[in-house]
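Structural description and commentary
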Amino acid sequence: MEVRDAMPGWDGIGFKVVAKVGPRYFSVWAGEQSEYALGVASRDEARPRHKGGLYVCLSAGAAVKQRIPARRGGLVVAPRVLLRCLCEGPFVPYDTGKVACSQLTPLEELQLPVGYLHFAPNRREARWLPPEPIFPSTLAGGPTPSMRDETSTLEAEVAELERRLGY
């Protein structure tokens, strides 16, 4: 991927799925480290290999299909909306349908389509499921360390969202 000053054939309008916490917009991936506001430009120089930039998709359809990985400090379980943004270069285009731009100005909030999944379905093959539910207490030796870690991570994320929302 190379840095480009312009993207011929693109009108500079990009689409970004963001977390909406109250009236505020945040990056789903970066959480409170990256806040956006309508009409306010954000800057981060676009660099190849995901080393910098503000990521958008060229269409709303591509944006809702993007899988945003979970990350500690991110807002993966927060409510989401779609922002239509004015994007300025330099740019770094990626094969996945997204573009890193160096300046992004959110223009308007759009609703995500009905049925939008916050989490992408797992791409692995379907696994066998037991006929009855399995609970951690029924496992030999109790819950695994990874189950405990995942539970702790989710509890911390819920507590942080509740703190931000004033619960």
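Read on for an overview of the structure. Each chain has its residues counted from 1, running along the sequence as written. Totals for whole chains, interfaces and linings use all residues, but because this is a predicted model, local features are given only for residues with pLDDT of at least 70 and pairs of side-chain atoms are given and counted only at 80 or more. Values shown for side chains rest on all heavy atoms present in the structure; no hydrogens or waters enter the calculation.

1. Details of the overall build of the protein
- Scanning the protein from terminus to terminus reveals two helices and seven strands.
- Starting at the N terminus and ending at the C terminus, the protein contains elements arranged as β-β-β-β-β-α-β-β-α.
- Only protein chains enter the calculation, and the probe is 1.4 Å; a residue is then buried if its accessible area is under 20% of its type maximum, exposed if over 50%, and partly exposed in between. For the protein, buried positions account for 33% of its 167 residues.
- Contacts are assigned to residue pairs that have any heavy atoms within 4.5 Å of one another. Intrachain contacts of the protein at a sequence separation of at least 6 include 74% that bridge at least 24 residues.
- Computed by Shrake-Rupley with a 1.4 Å probe, the accessible areas treat only the displayed protein chains as cover when residues are assessed. Carbon and sulfur atoms make up 55% of the accessible area of the protein, which totals about 10,800 Å². The way it works is that DSSP assigns letters per residue, a run of H or I at least four long becomes a helix, a run of E at least two long becomes a strand, and they are numbered from the N terminus.

2. Let's talk about the side chain of K16
- Tracing the backbone shows K16 in strand β1 (residues 13-21).
- D44 is the oppositely charged side chain nearest to the buried, salt-bridge-free K16, at an N-O distance of 9.4 Å.
- What K16 contacts, discounting residues up to four positions off in sequence, is Y36, Y55, V56, V81, L82, L83, C85 and L104. His is not counted, nor are the chain ends, whereas Lys and Arg count as positive and Asp and Glu as negative. We count a salt bridge whenever a side-chain nitrogen from Lys or Arg sits within 4 Å of a carboxyl oxygen from Asp or Glu.

3. Observations concerning the pairing of strand β6 (residues 80-93)
- Burial analysis of β6 places ten of its 14 residues in the buried class, the great majority of the element.
- Bridging between β1 and β6 involves seven bridges; their strand directions are antiparallel. Paired with G14 across the strands is C85, a residue of β6.
- Strand pairing requires that DSSP identify at least two bridges connecting the strands. Bridge analysis of β6 against strand β7 (residues 98-110) gives ten bridges, and the strand direction is antiparallel. Note that in β7 the partner of L82 across the bridge is L110.
- With antiparallel pairing between neighbouring strands as the criterion, β6 and β7 make up a hairpin whose turn holds four residues, including G97 at a positive phi of roughly 90°.

4. Points about the packing of aromatic side chains
- When two rings of Phe, Tyr or Trp (its six-membered ring) have centres within 6.5 Å they constitute a pair, described as stacked for plane angles under 30 degrees, edge-to-face for angles over 60, and tilted for the intermediate range. Considering all chains together, one arrives at two aromatic pairs under this definition.
- Note on Y55 and Y94: the rings are 6.2 Å apart at their centroids and 50° apart in plane angle, and the pair reads as tilted. Taken together, the residues Y55 in strand β5 (residues 54-57) and Y94 in the loop between β6 and β7 connect sequence positions 39 residues apart.
- Judged by relative accessible area, which is 22%, Y55 ranks as partly exposed.
- A positively charged side chain is recorded as over a ring if its NZ (Lys) or CZ (Arg) lies within 6 Å of the ring centre. The angle to the ring normal must also be within 35 degrees. The ring of Y55 carries the charged tip of K98 above its face, separated from the ring centre by 5.0 Å.
- It is K98 that lies over the ring of Y94; its NZ or CZ is 5.9 Å from the centre.

Remember that the coordinates give geometry; whether it matters functionally is a separate question.
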